[in-house]
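Here is what each chain is made of, one letter per residue.
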Amino acid sequence: MWHACSDLTECEPRAPDVHDVASEPGKISVTKMGIIGSQRPRRLRRTSAIRRLVRETRLSIDQLLYPMFVVPGSGVEDEIGSMPGQFHRSADRMGDSARAVEALGIQGVLLFGRSATKSPDGSEASDHDGVVQRAIEQIKRAAPELIVCTDVCLCAYTDHGHCGVLHRGMIDNDLSVSRMVEVALSHAQAGADIVAPSDMMDGRVGAIRTVLDAEGFGSISIMAYAAKYASAFYGPFREASDSAPLFGDRHTYQLDPANVREAIREVGLDVAEGADMVMVKPALPYLDVVARVRATYDVPIAAYLVSGEFAAIKAAAARGWLNEEDAALEALTSISRAGADVIITYWAPDVAVWLDKGSGS
Ligand code: PBG
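About the cut-offs
- Residues numbered from 1 in each chain as written.
- Predicted model: local features only at pLDDT ≥ 70, side-chain atom pairs only at ≥ 80, totals over all residues.
- Heavy atoms only, no water.
- Helix = DSSP H or I, 4+ residues; strand = E, 2+ residues; numbered from the N terminus.
- Expected span 1.5 Å × (residues − 1).
- Buried < 20%, exposed > 50% of the residue type's maximum accessible area, 1.4 Å probe, protein only.
- Contact = heavy atoms within 4.5 Å.
- Phe/Tyr/Trp six-rings, centres within 6.5 Å; stacked < 30°, edge-to-face > 60°.
- Lys NZ or Arg CZ within 6 Å of the ring centre and 35° of its normal.
- Salt bridge = Lys/Arg side-chain N within 4 Å of Asp/Glu carboxyl O.

Thoughts on helix α10 (residues 307-318)
With 12 residues, α10 extends 16 Å between its outermost C-alpha atoms, agreeing within 8% with the 16 Å of an ideal straight helix rising 1.5 Å per residue. With 9 of 12 residues buried, α10 lies mostly within the body of the structure. Listed as buried for α10 are Ser-307, Gly-308, Glu-309, Phe-310, Ala-311, Ile-313, Lys-314, Ala-316 and Ala-317. Here the buried face of α10 lies against α7 (235-241), β11 (301-304) and α11 (324-338). Where α10 ends, the next residue or the one after it, Gly-320, has phi of about 80°, a positive value.

See below:
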């Protein structure tokens, strides 16, 4: 309830039965003594309308990409245990889902595949009849305007779960890059608009750009997972994609969480190799990286609020420890404020609904 007042220090929502401290006899009034001055930033926070007027960062549905998981089989639509509200869908279900996503006003999806058979070089990842390739075709048929962005990696397809190809027990950079090129090309051939290599091998952006151009896909964009950290926050995703490494970890290719100069170097290399957009991932523990990349490069920046960040807030909300909508909107707004143009989030469909009803105080 708002109480009319002329003195801004007093203008607060208040319950009628609150004891009025200012009217106590003998109370010291700093206002009357003139010791506060005229700088009162709270004036612009007084009402919801004023706060909206001067808000510096506006989250928009236009800036969101929605990650979706495609699995083998047909007629599959199963909720992912570690990611409440997210689904495994077979390619044949993707057309309907794409129409639903488009109807919410979301501009694009980011596709991840799960393989039927794993192999040393993840051959299914570049199969023209693979789940992602078939899903792209279904989506493009159902919702041609919806942006289809694809994750280019091998981890869900290799029998060892690493993002690249092994040679003498080590991840071989250049052999892996050759495979990324094949995967990216197969996605472009199926109709993808943007390919997003997430393997973190050196030189893959330049190699993919060269081959896409040579094969007549010069207008297909590359969104490079440029600053992808070796993070603990990918846990739920690895369960969803069945992509956890069987031995070792990803520290020899993904970035050390302690480094920011190295991230700037990685982004610079990807931009020089022809990346149209660069990504920082995860998002919330790396907002300083987003801000540094923003200050250093002029290409569009994407930030990915990953599965573990999503699941952590979901789990706390399920226990009643925080409000999911408020926490999600605050987190996503902070990513935009840090300088990201594009935000990749599992909350995209919820945000469409939340923003539509005018959320935000
Ligand atoms: C594949 C890939 C991962 C994610 C996106 N692409 C997992 C990983 O690197 O282990 C994580 C996405 C998420 O956690 O939401 N390389």
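After presenting the structure, the write-up continues.
A closer look at the packing of aromatic side chains
Within this structure, the stated rule accounts for 9 aromatic pairs. Ring centres 6.0 Å apart and planes at 50° place the aromatic pair Tyr-304 and Tyr-346 in the tilted group. In this pair, Tyr-304 is assigned in strand β11 and Tyr-346 in the loop between β12 (342-344) and α12 (348-356), connecting sequence segments 42 residues apart. Taken together, the ring pairs in this structure connect Phe-69, Phe-112, Phe-237, Tyr-304, Phe-310, Tyr-346 and Trp-347 into an aromatic cluster. The cationic tip of Lys-228 hangs over the ring face of Tyr-234; the distance from NZ or CZ to the ring centre is 5.6 Å. Here Arg-319 stacks its cationic end above the ring of Trp-321, 5.7 Å away from the centre of that ring.

Focus: the pattern of salt bridges
Scanning all chains against the criterion turns up 14 salt bridges. A salt bridge links Lys-140 to Asp-193, with the shortest nitrogen-to-oxygen separation between them at 2.8 Å. Here Asp-193 lies in the loop between α5 (173-190) and β8 (194-197) and Lys-140 lies in helix α4 (residues 131-142), a separation of 53 residues in the sequence. When its relative accessible area of 26% is taken as the criterion, Asp-193 is described as partly exposed. Linking Glu-182 and Arg-179 is a salt bridge whose minimum nitrogen-to-oxygen distance equals 2.5 Å. Here the residue Glu-182 and the residue Arg-179 both occupy positions in helix α5, the gap between them amounting to 3 residues, near one helical turn. Note on Glu-182: relative accessible area 41%, which makes it partly exposed. Under the relative-accessibility criterion, Arg-179 is labelled buried at 7%.

Distances and angles like these do not, on their own, reveal function.
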